[in-house]
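# A look at the structure
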Amino acid sequence: MPESENLEAIARNRAEIDRIDREIVRLLNERCGRSLAIRDLKSAERLGIFDARREEEILEKTAEANEGPLDDEHVHAVYAAILRVMKEA
């Protein structure tokens, strides 16, 4: 592939990454809204906010859904960060 075609391919891939990043942010905010709704419902029922079993379940389900190229350890790290941030929201 000539250099100019490589540069064009880089630009196309970066544009697609930007689109994916916007979608990830939209989905993270949607997820946060659901988490906040659950927090409110738990509070109304006088239930504890933190559920270690549920967090493990989420980590297991995301590992099961992982088809790569990220390995399960990396998916786990990403979701552990997401769960930590959601608790702080």
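Preceding this paragraph is the structure being described.
Below, the structure is looked at part by part.

As a further point, take the overall build of the protein chain. A count of helices and strands for the protein chain gives three helices and zero strands. Computed over the C-alpha atoms, the radius of gyration of the protein chain is 18 Å, more than 25% above the 12 Å expected from 2.2 N^0.38 for a compact globule of 89 residues. With the principal axes as the frame, the protein chain shows a C-alpha extent of 65 × 25 × 15 Å. For the protein chain, the proportion of its 89 residues judged to be buried stands at 12%. Put simply, of all contacts in the protein chain between residues at least 6 apart along the chain, 56% involve residues at least 24 apart. Accessible surface, the protein chain: about 7400 Å² in total, of which carbon and sulfur atoms supply 55%. Once the 15 positive and 21 negative side-chain charges of the protein chain are each reduced to a mean point, those two points are 8 Å apart.

Below, the discussion takes up a nonpolar patch on the surface. The grouping of Ile20, Ile24 and Leu28 at the surface amounts to a nonpolar patch, some 220 Å² of accessible area in total. With relative accessibility at 31%, the residue leucine 28 sits in the partly exposed group.

Definitions and cut-offs
- Residues numbered from 1 in each chain as written.
- Predicted model: local features only at pLDDT ≥ 70, side-chain atom pairs only at ≥ 80, totals over all residues.
- Heavy atoms only, no water.
- Helix = DSSP H or I, 4+ residues; strand = E, 2+ residues; numbered from the N terminus.
- Rg over C-alpha atoms; globule rule 2.2 N^0.38 Å.
- Buried < 20%, exposed > 50% of the residue type's maximum accessible area, 1.4 Å probe, protein only.
- Contact = heavy atoms within 4.5 Å.
- Areas by Shrake-Rupley, 256 points an atom, 1.4 Å probe, with all protein chains shown as cover.
- Lys, Arg positive; Asp, Glu negative; His and termini not counted.
- Charge placed at Lys NZ, Arg CZ, Asp CG, Glu CD.
- Patch = residues over 30% accessible without salt bridge, like charges linked within 9 Å, V, L, I, M, F, W, Y side chains within 5 Å.
- Salt bridge = Lys/Arg side-chain N within 4 Å of Asp/Glu carboxyl O.

Structural measurements only, silent on function.
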